[in-house]
Amino acid sequence: LRGGLGFGFTGTTLNTTELAKPAAETEEGLAKAEAFKDVFTTMELYFPVGKTTFIETPANQQFLQEAKKYLAANRDKKLSLTGHTDSEGNDANNLKLSKSRAAAVKAQFQRLGIPASQLSTDGQGETHPKADNATEAGRRANRRVSIVVQ
């Protein structure tokens, strides 16, 4: 188009915050951005560097309470807890850390009354990133445990 394109709206407000949401600048921001939809939608729990304690938010606590109710009513179902890490450090340590994260989440869920028989854990280390490990934002997104109803 020559000269560009101009248009306007009368009586309408454009909410630009919905157009582009910047990547979270901290692990806490990333965790807070994770929304609870239902127990059938994967919930990601995020972790600080090298830690096995996830960042608790109202959304992941709601997921936990709803999952607990669902599992109590459906004894044949399980929660799959899969730990992940960023690519910093060596592969063996990352695999161990990812397994430790999943085990720590399992232990916390058990303390809240979910039977061990309805919790399965796995660690993937750095092998299944959800974001690019070349950036700090990507590494933050990869330090997680993914929870899925099976």
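Use the structure listed above.
Residues numbered from 1 in each chain as written. Predicted model: local features only at pLDDT ≥ 70, side-chain atom pairs only at ≥ 80, totals over all residues. Heavy atoms only, no water.

Draft legend 1. Spatial organisation of the environment of T41. With respect to the helices and strands, the residue T41 is situated in the loop between α1 (27–33) and β1 (43–46). Overall, T41 belongs to the partly exposed group, its relative accessible area being 29%. Separated by 107 residues in the primary sequence, T41 and V148 have C-alpha atoms spaced 7.0 Å apart. (Helix = DSSP H or I, 4+ residues; strand = E, 2+ residues; numbered from the N terminus. Buried < 20%, exposed > 50% of the residue type's maximum accessible area, 1.4 Å probe, protein only.)

Draft legend 2. Expanded view of helix α3 (residues 91–111). Between its first and last C-alpha, α3 extends 30 Å over 21 residues, near the 30 Å set by a 1.5 Å rise per residue. Listing the buried residues of α3 in full gives N94, L97, S98, R101, A102, V105, Q108 and F109. In a view along the axis of α3, the buried residues occupy a sector of 135°, so they form one face of it. Among the exposed residues of α3, those oriented more than 90 degrees off its buried face are A92, K96 and R111. Against the buried residues of α3 lie β1, α2 (58–73), β2 (79–83), β3 (119–123) and β4 (144–149). The N-cap residue of α3 is N90: its side-chain oxygen and the backbone nitrogen of A92 are 3.1 Å apart. Just past α3, the residue G113 takes up positive phi, approximately 105°. (Expected span 1.5 Å × (residues − 1). Arc of directions from axis to C-beta. Contact = heavy atoms within 4.5 Å. Polar contact = N/O pair within 3.5 Å; in protein donor to acceptor, adjacent residues only side chain to side chain.)

Draft legend 3. Spotlight on the sheet that holds β1. The sheet built from four strands is open, its strands ordered β1-β4-β2-β3 with mixed pairing. Each edge of the open sheet is held by one strand with a lone partner, namely β1 and β3. Averaged over all neighbouring strand pairs, the angle between strand axes comes to 20°, with direction disregarded. Along the sheet, α2 contacts β1, β2 and β4; its crossing angle with β1, the most-contacted strand, is approximately 130°. Together, β1, β2, β3 and β4 form the strand contacts of α3, whose direction differs from that of β3 by roughly 165°. (Pairing = 2+ DSSP bridges. Axes fitted to C-alpha atoms, helices over the stretch in contact; angles between N-to-C directions.)

Draft legend 4. Summary view of the pattern of salt bridges. Scanning the entire structure with this criterion turns up nine salt bridges. Of the charged contacts in the structure, one is a salt bridge between D86 and R143, with a shortest N-O distance of 2.5 Å. In this pair, D86 sits in the loop between β2 and α3 while R143 sits in the loop between α4 (136–142) and β4, placing the two residues 57 residues apart along the sequence. Here D86 matches R143 in class, with each residue buried. One salt bridge in this structure joins E136 and R140, with 3.8 Å as the shortest N-O distance. Of this pair, E136 and R140 both sit in helix α4, four residues apart, roughly one helical turn. (Salt bridge = Lys/Arg side-chain N within 4 Å of Asp/Glu carboxyl O.)

Draft legend 5. Representation of the nonpolar core in the model. Core analysis: the largest hydrophobic core is formed by 20 residues, its most contacted members being L45, L79, L81, V105, F109, I114 and I147. Elements with a minimum of two residues in this core: β1, α2, β2, α3 and β4. Per element, the largest residue contribution to this core is five residues, and it comes from α2. Among residues more than four places away in sequence, those in contact with I147 are T42, M43, L45, F63, L79, S80, L81 and F109. Counting residues in hydrophobic clusters, the runner-up holds five residues, among them L30, A31, I55 and A141. (Core = buried A, V, L, I, M, F, W, Y, C linked by side-chain atoms within 4.5 Å.)

Draft legend 6. Region of the structure containing the environment of K106. Here K106 lies in helix α3. Spatially, the C-alpha atom of K106 lies 9.8 Å from that of Q118, the residues being twelve residues apart in sequence. For K106, the contacting residues outside a window of four places in its chain are L81, A116, L119 and T121.

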